[in-house]
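# Reading the structure
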Amino acid sequence: MMSNVTLEVNSVRKTIRKREIIKDINFTVRKGEVFGFLGPNGAGKTTTIRMLVGLIKPTAGSIRICGYDVKKDYKKAMQHLGCIVENPELYPFLSGWNNLLHFARMLPNVGEERMMEVVKLVGLEQRIHDTVKTYSLGMRQRLGIAQAMLNRPKLLILDEPTNGLDPAGIREMRQFIRMLAEEEGMSVLVSSHLLSEIQLLCDRVAIITKGEIVKVGTVSDLLSVQERMSWRVEPIELGKEVLRSLTEVMETEDGYVLTSFDEEETPKWNKALVKHGVKILEMNRRLPTLEDLFLELTDGGGAGIE
Amino acid sequence: MSRWRVRIVTVFSALLGLLWIGCLSWAIVDYYHGEASGVEDLSAQPIEKRPDEFIVVALGDSLTRGTGDETGKGYVGTVTEELEKKFDHPITVQNLGIKGLVSAQLAEQVQEREVKRQLQRADAILVTIGGNDLFQKGETLLNLDSTKVSKLQKNYLVHLDAILSTIRQNNSSAQLFMLGLYNPFIELDENGELNAIVRQWNNETAEVLAKYEDMVFVPTFDLFQLSVNEYLYSDKFHPNSAGYRLMAERIAPLIEWEAKDDE
Amino acid sequence: MSNLIQNEMMKLLAKKRLLIIGVIVAVLIILFTYAQYKQAEEQREKLGTDDWRTAVQQQIIDIQNRLSSSRMLDEWREQLQVTVKQQQYYLDHNINPSEPGAATFTRMFIENASSLFIPLLVMIVASDLVSSESSQGTIKLLLTRPVLRWKILMSKYITLLLSISIIVAMTGVLAYALSGVVFGYHGWNAPIITGFTVEAGNVDTSGVRLISQWQLLLMDFGLVWYIAVVVGTLAFMLSVLIRSTPAGMGIMLAALISGAILNNMVSSWESAKYFFMVNLQLTNYLSGVAPPIEGMTLLSSVLILFVWWLAALIVSFIVFIRKDVY
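Model, not experiment: these values are computed from the prediction.

## Looking at the sheet that holds strand E5 (residues 68-69) of chain A
All names here are of chain A. The strand order across the open sheet built from 4 strands is E2-E1-E4-E5, with neighbouring strands paired in antiparallel fashion. In the strand order of this sheet, the two ends are held by strand E2 (19-30) and E5, each with one partner. Bridge analysis of strand E1 (residues 5-16) against strand E4 (residues 60-65) gives 5 bridges, and the strand direction is antiparallel. Looking across to E4, one finds that Arg13 is bridged to Ala60.

## Examining the layout of surface pockets
The space that makes up the second largest pocket amounts to roughly 880 Å³. Secondary structure elements with two or more residues in the lining of the second largest pocket: helix H4 (103-109) of chain B together with helix H3 (52-68) and helix H4 (74-92) of chain C. With 5 residues, H3(C) is the largest single contributor of residues to the lining of the second largest pocket. Grouping the constituent residues of the lining of the second largest pocket by class yields 6 nonpolar, 14 polar and 7 charged.

## Considering the side chain of C:Thr245
Residue and element names in this part refer to chain C. Of note, Thr245 is situated in helix H11 (residues 245-265). For Thr245, a relative accessible area of 13% translates into the label buried. Polar contacts involving the side chain of Thr245 include one to the side chain of Ser131, which spans 3.0 Å.

## Focus on the pattern of salt bridges
All names here are of chain C. Inspection of every chain in the model, using the stated rule, returns 30 salt bridges over all chains. Between Asp128 and Arg17 there is a salt bridge, with the nearest N and O atoms lying 2.4 Å from each other. With Asp128 in helix H6 (residues 117-129) and Arg17 in helix H2 (residues 17-47), the pair connects residues that are 111 residues apart, well separated along the chain. Residue Arg17 is classed as partly exposed on the basis of its relative accessible area of 23%. In this structure, Lys38 and Glu41 form a salt bridge, with 3.7 Å as the shortest nitrogen-oxygen distance. Here Lys38 pairs with Glu41, and both are found in helix H2, just 3 residues apart, close to one helical turn.

## Side note on a negative patch on the surface
Residue and element names in this part refer to chain C. A cluster of acidic residues, Asp74, Glu78, Glu199, Asp204 and Glu294, forms a negative patch on the protein surface. For Asp204, the location among the structural elements is in strand E3 (residues 202-204). With relative accessibility at 35%, the residue Asp204 sits in the partly exposed group.

## Let's talk about the UniProt feature "transmembrane region" (unreviewed entry) in chain C
On the UniProt side, "transmembrane region" (unreviewed entry) is annotated at positions that read residues 18-37, 157-178, 223-242, 249-269 and 298-321 of chain C here. As annotated, residues 298-321 of chain C has a helix share of 100% and a strand share of 0%, and its two end C-alpha atoms lie 35 Å apart.

## Remarks on the packing of helix H5 (residues 102-113) of chain C against helix H9 (residues 149-183) of chain C
Residue and element names in this part refer to chain C. The interhelical angle for the contact between H5 and H9, taken along N-to-C directions, is 135°, at an axis separation of 8 Å. Overall, the two elements H5 and H9 adopt an arrangement that is oblique. In this structure, the crossing between H5 and H9 has a hand that is right-handed. Between H5 and H9, the residues in contact are Ala102, Ala103, Phe105, Thr106, Phe109 and Ile110 and Thr171, Gly172, Ala175, Tyr176, Ser179, Gly180 and Phe183, respectively. Partitioning the contact of H5 with H9 into residue classes produces 8 nonpolar, 5 polar and no charged.

What counts and what doesn't
By convention here, each chain's residues receive numbers from 1 onward along its written sequence. Lettering of chains starts at A and numbering of ligands starts at 1, both following the order in which they are written. Local features are withheld for residues below a pLDDT of 70 in this predicted model, meaning they are given only at 70 or higher, and side-chain atom pairs are given and counted only at 80 or more; totals for whole chains, interfaces and linings count all residues. Hydrogen atoms and water are omitted, and side-chain values are computed over all heavy atoms in the structure. By the convention used here, strands pair only if DSSP detects at least 2 bridges between them. Think of it this way: any DSSP run of H or I at least four residues long counts as a helix, any run of E at least two long counts as a strand, and we number them from the N terminus. Put plainly, a pocket is an open set of points on a 1 Å grid over the protein atoms alone with protein on both sides within 12 Å along at least five of seven lines, a cavity is a set where a 1.4 Å probe fits but cannot get out, and a lining residue has an atom within 4 Å of a point. Grid points are joined across faces, edges and corners, and a volume is the space filled by probe spheres set on the points. As a working rule, the residues Ala, Val, Leu, Ile, Met, Phe, Trp, Tyr, Cys and Pro are called nonpolar, Asp, Glu, Lys and Arg charged, and the rest polar, with Gly in that last group. Any residue under 20% of the maximum accessible area for its type is buried, any over 50% is exposed, and the rest in between are partly exposed; the area is computed with a 1.4 Å probe on protein chains only. Pairing of N or O atoms within 3.5 Å defines a polar contact, subject to two protein rules: one partner must be a possible hydrogen donor and the other a possible acceptor, and residues neighboring in sequence count only if both atoms are side-chain atoms. What counts as a salt bridge is simple: a side-chain nitrogen of Lys or Arg found within 4 Å of a carboxyl oxygen of Asp or Glu. Patch definition: residues above 30% relative accessible area lacking any salt bridge, with like charges linked at up to 9 Å and the nonpolar side chains Val, Leu, Ile, Met, Phe, Trp and Tyr linked at up to 5 Å. To be clear on the numbers: accessible area is Shrake-Rupley with a 1.4 Å probe, and residue cover counts the displayed protein chains and nothing else. We treat Lys and Arg as the positive residues and Asp and Glu as the negative residues; His and chain ends play no part in the count. By convention, charge coordinates are those of NZ in Lys, CZ in Arg, CG in Asp, or CD in Glu. UniProt positions are given in the numbering used here, feature names are shortened, and annotations may be inferred rather than shown by experiment. Each axis is a line fitted through C-alpha atoms, taken for helices only over the stretch in contact, and angles between the N-to-C directions span 0 to 180 degrees. Geometric relationships in this document are graded by angle, where less than 35 degrees denotes roughly parallel, more than 145 denotes roughly antiparallel, 65 to 115 denotes roughly perpendicular, and other angles denote oblique. Two helices cross in a left-handed way if the nearer one is turned anticlockwise from the farther one by less than a right angle. They cross in a right-handed way if the turn is clockwise. Contacts are assigned to residue pairs that have any heavy atoms within 4.5 Å of one another.

Written out as structure tokens, the structure is:
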């Protein structure tokens, strides 16, 4: 039963100078899934991730990586972990290869063949012997992943992996992470403050705010509850009336009418509008903003949380 | 950068580290347990002297040192300059004067091996001594006591004789010039008591010098007799530059160089 | 562990820190050599001879004249008297206290560099070892490997010891090689008197003995290495405690310079001898210079430095193992 779980976080707390930064966090990450860790800046994402990788010691609770407690079995736990915390800060004065050599020397049984393998995996063969100073951010990111992969980790933790990359780089990174999960069967924990990214990348997600996890679930579950349909109609008053008779309606300040999103119902609403002679100028499926989501999850929208 | 370079540097520095640890323990052990073997006396070789060298050695007290002379030369410096002009040749000077020296201390100093060695090669020797014996930083003046003064003088003469004989033992040929005392307190000396003492002191000094060959007593009493304040430094004891110049001008003409150029 | 040390050495060499230190040392030595050469030349001109005895005699006379001036602090008077007595001893035994040659220059240089210059060079490496990883952010990679934290710190500390050994050796070799051009490559076997003990302004010559200069030189190097290790360890501790390298260096620099100043004025403040920076002039014990505070001995200084060293090391390890990395 445990073999399927690569990361297990149990009632982890962190108190700094009597202030509770992290309040009782629980979640698990399973084999082969990409797990999103979503929260605004300052919510405790980074602190939590640093506790997972052993940089910060939790005040209470336990963290197990592949069944090994990070506190008691530090070495074994770390052997199954690869991570990049924040930016991939490597030694700029060493070559890419020497950076890898540096980290390989700190791992058991990682030789030059494995180093060659990871270099190929991230596609840095051409530039691996240049000093890291000369690398672009994307190349540094890839080298960072290469070093994280050296020990064939079962769990890869990436903190804001697409931060600072250009759109092409972001797409490439996404594909790469999916590939790791699907083909190599790795668990990947990705943190982000961007909902869109989590939505595109992850299977499951935990939402954290103010040091607490407010929701853990599959991405589709979480988002479908929150997804909206936005309408621009003319005349607006009539359109609102028609839609209100069919579903719940809100109006935004810039003249859009919002309804819930429901694939089966939308065509019917559309038909009704047309029938009443309302012109539909625009209709859009709208992802909730992170703020909306948090508002929904923490305050008003008790209904959204099961 | 090759891995070998890193490895070589690492091993090399580790070996150095061991060496330094060894040296450290050696230093501490040696410091506390090293056997005191003493130091055997190596005899000094005489300093070689170039034939065309003229060497002046100056011995004595603050006058030799030049205290009071703003230019710092003292009479020794001026004498040297005069001689260099006269001989048209550079001169080597060893000024061994120490402020506050009394005859007893000079008698000890000339016994020092190195001082002896310096004396051995000297062509001319300049001496000022006795001022501190007599005046004792002005104390003698405050309570003039003839028995005390005669005791001081007796001691002084004994030391002077010892000094001169040591010099002669080490150097039989050098000309020696000894400056007499002047009376810096001449203006305070209303009844001439101190003047008499200084004159007598100088006479006795000249008597001792007369026992040796090529030793010249150079009086300075008269130089300062009439306008003492003009030639004294602000401490009213040591000469000023003008005073030193007077002294130097008296000695310089006396010094002759039996030139060895012809050798 | 050997892998970790090789990592640290690789980083150290890649950063070219030792090379920079080498250049600094070389420049300084060239300056000193020139100054020394000028001084010797001037002395020769002034004395009209290059006979060392004349020079030493003249030094003694000069000091005696300074001693005769009445307004002088007692402690200075004592120190000068000690110097006179030692010089006189050298002169009486016809031994040149500073035999010309590169070996003598090296000894003088290392003795003068022991309390400020070499510790300063060591600081360049020590202050940087841990705090640079913190400021670069690479500490996060270093501490998420399956290696216990104390091993990582130990590898860094051993690297520090290794670089200190190199720096000390490099200073010696450069001093000899560069000054030899001017002074000639000799003087290893010049006799040196050691074993003077100084107490209450008196020089006790009962324990003196003659050793060759190379022996004294090696002992000096051992002591200088020890000083460098202690200062390096303190800087290392600050490097663990403080994220920023310049701040750590600043603190160490202030301590070292205050030590140099204190040495000249603490003689009446006895408990100042427990400061590490007052105890850095170990080589003075060998050459018989009076310690800054009455009652200090080689052993007491070595022990006081040892206590500082141990405390710094313990603090470094405890803090490094326990601290949370943000």
